[in-house]
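The chain contents come next:
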Amino acid sequence: MEGINFNQIGVSFKGSGSYVPDQILTNPKISQKVDTSNEWIKSRTGISERRISSIGDNVTEMGYAAALSAIEMAHWDIKTIDLIILATSTPNDLFGSAPSVQAKLGAFNAVAFDLTAACSGFLFALITASQFLKGGSFKRAIVIGADQLSSFVDWNDRRSCILFGDGAGALAIEATNEFDNFIGFDMRTDGGRGSFLNLPSKNNKDSIIDDIDFLSGGFSSIQMNGQEVYKFAVKEVPIILEKLLKKMKYNSDQVDWLLLHQANQRILDSVGERLKIPREKILSNLEKYGNTSAATIPLMMDEAVRDYRIKQNDIIATSGFGAGLSWGAALIKWG
Ligand code: COA
């Protein structure tokens, strides 16, 4: 896709979409598999159930469904889309799944690529896309967050398997020269703490021929130190959001919605308390879906846009955080 300069100064939010698989794994059902209970999971995380992909629900399919519904809300001709960024850690093709989403959509004039930053992935992708739009390179972008962590969860590890689910969400954003609804952002990583949450490769040594070895590819399951990740989130997320609000000269009482990565209700409540944002302004749907990784933020946003909680010109403070460790924040105005 060739660069086109429109003298663009800002970004406008035009549509949202989401998709979750049909299969529902409830807490009582998980309790039949590992030594846990509905009460324990509910009180420690706020999660009641999560969706699990079945055959046909891979990241390309879920991302496509979410993107299509965002495009429909935006009333865009698919041929006018310039950029598709798919945030995912679980592509169904390790070489990248975004081009297959592009092909399924028929968005032949777009360039499409994957971006990996685990649970911060959607936010990092939104920030990346917004820079292309504000820089004047592209006019219309679809940003997708889609993950299928169920394929990488150790379903015998009760400390982590209760948290995760599958799904996808997408936003349609457009460059404009009239205003800027992408108010500000910040993003951080700290690889020094990466071992708190990762999904490492698992290579088996094999031999090609004679004395030439190779390592066969593969991945192990999610490894998590839950307490450390919890401490990281409740410390860093308020700091990055507070700094961003201050930098953009906003008070927390000007925020209509706090939209955090949906990891744990206790994390959401703690961050809300630190920022003095009341509970009714904290968006949460993790009870139904658990942690869908890169999908949580657009999945929640789409639900709140479609049920008219998020209205035109509402101010949304959003933050993604997770493996890397990585975290980021953005301040946006819907519409
Ligand atoms: N059911 C029942 N008991 C469980 C359990 C489960 N599913 N998981 C752990 N336990 C037990 C532990 O074995 C431990 O028992 P012990 O005291 O006898 O050793 C006890 O519960 C307390 O474990 P702890 O790890 O301290 O629990 P916690 O209150 O920290 O909650 C998490 C665990 C995972 C829910 C919590 O740490 C968390 O949400 N962390 C953040 C994880 C996250 O968000 N990751 C993704 C980020 S993108």
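Residues numbered from 1 in each chain as written. Predicted model: local features only at pLDDT ≥ 70, side-chain atom pairs only at ≥ 80, totals over all residues. Heavy atoms only, no water.

Caption draft 1: The site of the ligand, seen in detail. Inspection of the region around the ligand gives 23 residues, with Thr36, Arg44, Arg158, Gln227 and Asn264 positioned closest. A distance of 3.4 Å is found between a nitrogen atom of the ligand and a side-chain nitrogen or oxygen belonging to Trp40. The contact in question runs from an oxygen atom of the ligand to an N or O atom on the side chain of Gln227, over 2.5 Å. With the chains in place, 75% of the 950 Å² that the ligand exposes on its own is no longer accessible. Judged by the fraction of its atoms near the pocket grid, the ligand is located in the largest pocket. Elements with a minimum of two residues in the shell around the ligand: α2 (38-45), α6 (226-247) and β14 (315-322). For the shell around the ligand, the leading source of residues is α6, giving 4 residues. (Near = heavy atom within 4 Å. Polar contact = N/O pair within 3.5 Å; in protein donor to acceptor, adjacent residues only side chain to side chain. Areas by Shrake-Rupley, 256 points an atom, 1.4 Å probe, with all protein chains shown as cover. 1 Å grid on protein atoms, 1.4 Å probe; cavity = no way out; pocket = protein on both sides within 12 Å on 5 of 7 lines; lining within 4 Å. Sits in = over half its atoms within 2 Å of the grid points. Helix = DSSP H or I, 4+ residues; strand = E, 2+ residues; numbered from the N terminus.)

Caption draft 2: Up close: the sheet that holds strand β4 (residues 83-87). One open sheet holds the 5 strands; their spatial order is β1-β7-β6-β4-β5, and the pairing between them is mixed. Two strands in the sheet have a free side with no partner beyond their single neighbour: β1 (10-19) and β5 (111-115). Neighbour-to-neighbour, the strand axes of this sheet turn through a mean angle of 20°, independent of strand direction. Across 9 bridges, the pairing between strand β6 (residues 140-148) and strand β7 (residues 166-176) is antiparallel. Residue pairing in the sheet places Gly145 in a bridge with Gly169 of β7. Each of β4, β5 and β6 is contacted by helix α4 (residues 98-105), which is oriented at about 140° to β5, the strand it contacts most. Lying on the sheet, helix α9 (residues 296-306) is in contact with β1, β6 and β7; it crosses β1 at an angle near 95°. (Pairing = 2+ DSSP bridges. Axes fitted to C-alpha atoms, helices over the stretch in contact; angles between N-to-C directions. Contact = heavy atoms within 4.5 Å.)

Caption draft 3: Structural view of a nonpolar patch on the surface. A contiguous nonpolar patch, built from Ile208, Ile209, Ile212 and Phe214 and spanning about 380 Å² of accessible area, is present on the exposed surface. Of all the secondary structure elements, the ones that give two or more residues to the nonpolar patch are β10 (204-209) and β11 (212-216). (Patch = residues over 30% accessible without salt bridge, like charges linked within 9 Å, V, L, I, M, F, W, Y side chains within 5 Å. Salt bridge = Lys/Arg side-chain N within 4 Å of Asp/Glu carboxyl O.)

Caption draft 4: Structural view of the packing of aromatic side chains. Applying the stated criterion across every chain yields a total of 5 aromatic pairs. Ring geometry for Phe132 and Phe138: centres 5.3 Å apart, planes at 45°, overall tilted. With centroids separated by 5.4 Å and ring planes inclined at 75°, the aromatic side chains of Phe232 and Trp327 adopt a geometry described as edge-to-face. Of this pair, Phe232 sits in helix α6 while Trp327 sits in strand β15 (residues 326-333); the two residues are 95 residues apart in sequence, bridging distant segments of the chain. Accessibility classification places Phe232 together with Trp327 in one group, the buried group. Between the NZ or CZ atom of Lys104 and the centre of the ring of Tyr64, over which it lies, the distance is 5.0 Å. (Phe/Tyr/Trp six-rings, centres within 6.5 Å; stacked < 30°, edge-to-face > 60°. Buried < 20%, exposed > 50% of the residue type's maximum accessible area, 1.4 Å probe, protein only. Lys NZ or Arg CZ within 6 Å of the ring centre and 35° of its normal.)

Caption draft 5: Representation of unusual backbone geometry in the model. Following Gly324, the chain continues to Leu325 via a peptide bond in cis, the omega torsion being -10°. Tracing the backbone shows Leu325 in the loop between β14 and β15. In this structure, Lys249 is a non-glycine residue whose phi angle is positive, near 60°. On the basis of relative accessible area, Lys249 is assigned to the exposed category, the value being 73%. Positive phi outside glycine occurs at Asn313, with the angle close to 75°. By secondary structure assignment, the location of Asn313 is in the loop between α9 and β14.

Caption draft 6: Layout of the side chain of His261. Within the secondary structure, His261 sits in the loop between β13 (257-260) and α7 (265-275). One polar contact links His261 to Thr296, side chain to side chain, over a distance of 2.7 Å.

Caption draft 7: A look at the pairing of β13. Because side chains alternate across β13, one face comprises the buried residues Trp257 and Leu259, and the other comprises Leu258 and Leu260, equally buried. Bridging between β13 and β14 involves 4 bridges; their strand directions are parallel. When the bridges of β14 are listed, Leu258 appears paired with Ala317.

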